[in-house]
Amino acid sequence: MSSDKEELEVSIWRGDDAGGAFEDYKVPAQDSQTVLDVVSWVQQNTDPTLSYRYACRVGMCGSCAMMVNGVPRWTCRTHVKKVLDGKKVTVAPLRNLPVIKDLATDMDPFFDKWVKAGGVHHPSKTRDDPIEPINPKSIARSEADTGIECINCSVCYAACDTVTGNADYLGPAALQRAWTLYNDAKDADQQTILDAVSGNGGCHNCHSQGSCTLFCPNELNPMKAIAGLKRATATSLFKRKK
Amino acid sequence: MIRPHRSHPLWFAFILHRLSGLGLALFLPAHFYLLSLALTAPESLDGYLALAENPLVKVAEFGLVFLLAVHFFGGLRLMAMEWLPWSGRQKSLAAGAVAAAFLVSGTFFLQAV
Ligand code: HEM
Ligand code: SF4
Ligand code: SF4
Ligand code: FES
């Protein structure tokens, strides 16, 4: 389709945590070219100092997310043809995270919040106990299954305006992880999870804007998980009062 | 300009809910003040009520009823989303809330003119 002579006009954000600006590059168009391919081409052919992050190139590792034309996307699986505005495309570091350099953000706050939201397994058995059979069709297991394909890419976190407005807000991915564990029959401490997600930065901050769900590249639904947590925290309050 | 990551139906539903909530919050003190005139100064209340015949005021009233209705139905959608079993049709429900608000405020307007 696209001949080799065709050139893309690519604007890439260059800078660090002190500030920066967009710089323009020309990149030859190719068939089946991803946004990550475009960024790599610039780094390999125009400016070797361009910093960015990726690993798997197949949508597994969650390390390549960037803002593409103002919306967060996994760049390794975004065909540039699908997002081109004429011949133009802009690429910037993810929103809501500190920039290390150019397109690479510091994802520590995102991962720290996974732990803060109770996102660690609370074991119910020891190694000496027999393995507990789980019915994959049970309601709780089906609910937990809806969130387990999260690749920690932070696309939802970058899309969320509530994260922008409140630095303590745990964010869609961490809360969805908490909801997964809450529904996991092998997790022994549901109350700890509910306590972790109902504090100041917890699930009740969410205004159900749904940007997380709209942009999640794996088509997960953090907005639904958060609604579930809101309900679970509220009903547990009534239960405890009895 | 609305930034690209915001231009989708549920974000518009959010901003509509926030603006209508703020609009109502601004309007309510004036509303209560006027109602209080019924007790403190009935003659000047009658003066204000005569204003309500002004077409511009009628359009403004339509706006207020719309704000209340859209906030009410939108709020019901959010509460249903958080309290009832999940429904995947949030966009349709949000559109339905706006449609219901137009129905209510439009009916009110036609009754008023
Ligand atoms: C008529 C019944 C009403 C219902 C069912 C209702 C429902 C709701 C709900 C569910 C929210 C939370 C939205 C969110 O999570 O973002 C909310 C927010 C709000 N409401 Fe209402 N509400 C009602 C009446 C009012 C009135 C009369 C006012 C004005 C005084 C008002 C002002 C607000 C404001 C300012 C917010 C905050 C908006 C935001 O944070 O985005 N509401 N309402
Ligand atoms: S639904 Fe909640 S978590 Fe998701 S983007 Fe909106 S405010 Fe953020
Ligand atoms: S929920 Fe989706 S968008 Fe968010 S981190 Fe997981 S895979 Fe990425
Ligand atoms: S490089 Fe691994 S998800 Fe894109």
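Thresholds, definitions, all that
- Residues numbered from 1 in each chain as written.
- Chains lettered and ligands numbered in written order.
- Predicted model: local features only at pLDDT ≥ 70, side-chain atom pairs only at ≥ 80, totals over all residues.
- Heavy atoms only, no water.
- Helix = DSSP H or I, 4+ residues; strand = E, 2+ residues; numbered from the N terminus.
- Buried < 20%, exposed > 50% of the residue type's maximum accessible area, 1.4 Å probe, protein only.
- Contact = heavy atoms within 4.5 Å.
- Areas by Shrake-Rupley, 256 points an atom, 1.4 Å probe, with all protein chains shown as cover.
- Domains from an automatic or database assignment.
- Buried area = accessible area lost by both parts, 1.4 Å probe.
- Salt bridge = Lys/Arg side-chain N within 4 Å of Asp/Glu carboxyl O.
- Polar contact = N/O pair within 3.5 Å; in protein donor to acceptor, adjacent residues only side chain to side chain.
- Pairing = 2+ DSSP bridges.
- Nonpolar A, V, L, I, M, F, W, Y, C, P; charged D, E, K, R; others polar.
- Core = buried A, V, L, I, M, F, W, Y, C linked by side-chain atoms within 4.5 Å.
- Near = heavy atom within 4 Å.
- Donors = N, O, S within 2.8 Å, 3.2 Å for Na, K, Ca; no water.

Of the regular secondary structure elements, chain A holds 10 helices and 7 strands. Along the first, second and third principal axes, the C-alpha atoms of chain A reach 70 × 35 × 30 Å. Per-residue burial for chain A yields a buried fraction of 49% across its 242 residues. Across chain A, the fraction of contacts at a sequence separation of at least 24, relative to all contacts at a separation of at least 6, is 63%. Working note: accessible area of chain A is about 12,100 Å², and carbon and sulfur atoms make up 51% of it.

All names here are of chain A. Domain annotation of chain A identifies domain 1 (7–105) and domain 2 (108–239). Domain 1 and domain 2 are separated by 29 Å when their C-alpha centres are compared. Listed by partner, the interface residues are 15 residues for domain 1 and 17 residues for domain 2. When domain 1 packs against domain 2, the two sides together hide about 1,200 Å² of surface, and 65% of this comes from carbon and sulfur. Its largest share of buried area at the contact with domain 2, domain 1 owes to Pro-72, Trp-74 and Asn-96, together 42% of the area lost on that side. A salt bridge links Arg-95 to Asp-161, with the nearest nitrogen and oxygen atoms 3.2 Å apart.

With that out of the way, let us pick up the side chain of Arg-95 of chain A. Within the fold, Arg-95 of chain A resides in the loop between strand E5 (88–92) and strand E6 (99–101). Assessed through its relative accessible area of 12%, Arg-95 of chain A is described here as buried. For Arg-95 of chain A, the side chain forms a polar contact with the side chain of His-5 of chain B, separated by 3.2 Å. Non-local contacts of Arg-95 of chain A, meaning those with residues more than four positions away in its chain, are made with Met-67, Ala-158, Ala-159, Cys-160, Asp-161 and Thr-164 of chain A together with Arg-3, His-5 and Arg-6 of chain B.

Quick look at the pairing of strand E2 (residues 19–28) of chain A now. Residue and element names in this part refer to chain A. Relative to E2, strand E1 (residues 7–16) runs antiparallel, the two sharing 10 bridges. Opposite Ile-12, over in E2, you have Glu-23 as the bridge partner. Taken together, E1 and the strand that follows it, E2, pair antiparallel across an intervening segment of 2 residues.

Below, the discussion takes up the interface of chain B and chain A. In this complex, chain B contributes 15 residues to the contact, which on the side of chain A involves 22 residues. Contact with chain A buries surface across chain B, with His-5, Glu-82 and Trp-86 of chain B losing the most and accounting together for 37% of the total. Here chain B is connected to chain A by 2 salt bridges. With its nearest N and O atoms 2.8 Å apart, the salt bridge here joins Glu-82 of chain B to Lys-230 of chain A. For the pair chain B and chain A, the interface holds 9 residue pairs in polar contact (both at pLDDT 80 or more). Residue classes in the side of chain B that touches chain A are distributed as 9 nonpolar, 2 polar and 4 charged.

With that settled, the discussion passes to the nonpolar core. Core analysis: the largest hydrophobic core is formed by 70 residues, its most contacted members being Val-10, Ile-12, Val-91, Leu-103 and Leu-175 of chain A. In contact with Val-91 of chain A, other than residues within four places in its own chain, are Val-10, Ser-11, Ile-12, Trp-13, Phe-22, Val-35, Val-39, Met-66, Met-67 and Leu-103 of chain A.

Before going further, it helps to spend a moment on the site of ligand 2. Taken together, 13 residues lie around ligand 2, and Cys-160, Thr-162, Cys-206, Gln-209 and Cys-212 of chain A are the ones closest in. For the shell around ligand 2, a count of residues per class yields 7 nonpolar, 6 polar and no charged.

In this structure the iron atom of ligand 1 is ligated by exactly one protein donor, His-71 of chain B (NE2), at 1.9 Å. On the secondary structure map, His-71 of chain B appears in helix H3 (residues 55–83).

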